[in-house]
Amino acid sequence: MQKIVLFASGNGSNAEKIILHFKKSSLGNVVAIFTNNPHAKVLEKAKHHDIQGVVFNKVELNDGTVLEKLDEIQPNLIVLAGFLLKFPEEIINFYPRRVINIHPALLPNYGGKGMYGMHVHKAVLDNKEIETGITIHYVNGNYDEGEFIFQKSVNIEDCITPEDVAKKVQELEHQYFPEVIEKFISNNS
């Protein structure tokens, strides 16, 4: 059974979809949720599903404290699911090709520092794109520049607001992220 650790900073809707997916899987399960936000709703989801919640601050993320906590767990895969801080290269190097992220756009467009959530959806709409989507990728030392694992697009010609775009993108995230993680685990176990 592969151990999955999630990193999230907010509500945790993707985290919950992943948790529920792996409750029905024999390949892996979510063993911990790490967050930099002590008020994140994802902690409630962790508690509801009897999953360890780990809260840390930015200093602890970068000074080796989080790496030590991960080392105690020995995860097979680290999944960033709405995690907003830059992920330390020390952790990436310790878990090579075992840290993945989801981005709410079709990279390489609309990625980089500050491009998350509604910022992405607003930029996509402002540029009058006819489609957007999701990109699941390996994490490297630069925001949103890791090798792609999976992309899926959706037509947004009928979208008027960034919230309309967000709804379509979140549907893709919820449908495909757990499946891609399962396939990833299956191919790497």
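Predicted model only: the values in this text are computed from it and were never measured.

Caption draft 1: Up close: the overall build of the protein chain. A tally of regular secondary structure across the protein chain gives seven helices and seven strands. Relative to its length of 189 residues, the protein chain is compact, with a C-alpha radius of gyration of 16 Å against a globular reference of 16 Å. For the C-alpha atoms alone, the extent of the protein chain along its principal axes is close to 45 × 35 × 30 Å. Relative to its 189 residues, the protein chain shows a buried fraction of 47%. Entry remark: accessible area of the protein chain is about 9,600 Å², with carbon and sulfur atoms responsible for 47%. Charge-centre separation for the protein chain: the mean point of 19 positive side chains lies 3 Å from the mean point of 24 negative side chains.

Caption draft 2: Representation of the pattern of salt bridges in the model. As enumerated under the stated definition, the model contains four salt bridges in all. Here lysine 168 ties to aspartate 158 by a salt bridge, and the two come within 2.7 Å at their closest N and O atoms. Note that lysine 168 is positioned in helix α7 (residues 162-188) and aspartate 158 in the loop between β7 (148-155) and α7, a separation of ten residues in sequence. Across the salt bridge formed by lysine 167 and glutamate 171, the nearest N and O atoms sit 3.4 Å from each other. Taken together, the residues span about one helical turn, with lysine 167 and glutamate 171 both in helix α7 at a distance of four residues.

Caption draft 3: Inspection of the nonpolar core at higher detail. Core analysis: the biggest nonpolar cluster contains 39 residues, and Leu6, Ile18, Val79, Ile100, Phe177 and Ile181 have the highest contact counts within it. For isoleucine 181, the residues in contact, after removing those within four places along its chain, are Ile4, Ile18, Phe22, Leu77, Val79 and Ile100. Counting residues in hydrophobic clusters, the runner-up holds 20 residues, among them Val54, Leu80, Phe87 and Val99.

Caption draft 4: Structural view of the sheet that holds strand β3 (residues 52-55). Overall, mixed pairing links the seven strands, which are arranged β3-β2-β1-β4-β5-β6-β7 in an open sheet. Since the sheet does not close on itself, it has two edges, and those belong to β3 and β7, each with one partner. In this sheet, adjacent strand axes meet at a mean angle of 20° when their direction is disregarded. Bridging between strand β1 (residues 2-7) and strand β2 (residues 28-35) involves six bridges; their strand directions are parallel.

Calculation criteria
Residues numbered from 1 in each chain as written. Predicted model: local features only at pLDDT ≥ 70, side-chain atom pairs only at ≥ 80, totals over all residues. Heavy atoms only, no water. Helix = DSSP H or I, 4+ residues; strand = E, 2+ residues; numbered from the N terminus. Rg over C-alpha atoms; globule rule 2.2 N^0.38 Å. Buried < 20%, exposed > 50% of the residue type's maximum accessible area, 1.4 Å probe, protein only. Areas by Shrake-Rupley, 256 points an atom, 1.4 Å probe, with all protein chains shown as cover. Lys, Arg positive; Asp, Glu negative; His and termini not counted. Charge placed at Lys NZ, Arg CZ, Asp CG, Glu CD. Salt bridge = Lys/Arg side-chain N within 4 Å of Asp/Glu carboxyl O. Core = buried A, V, L, I, M, F, W, Y, C linked by side-chain atoms within 4.5 Å. Contact = heavy atoms within 4.5 Å. Pairing = 2+ DSSP bridges. Axes fitted to C-alpha atoms, helices over the stretch in contact; angles between N-to-C directions.

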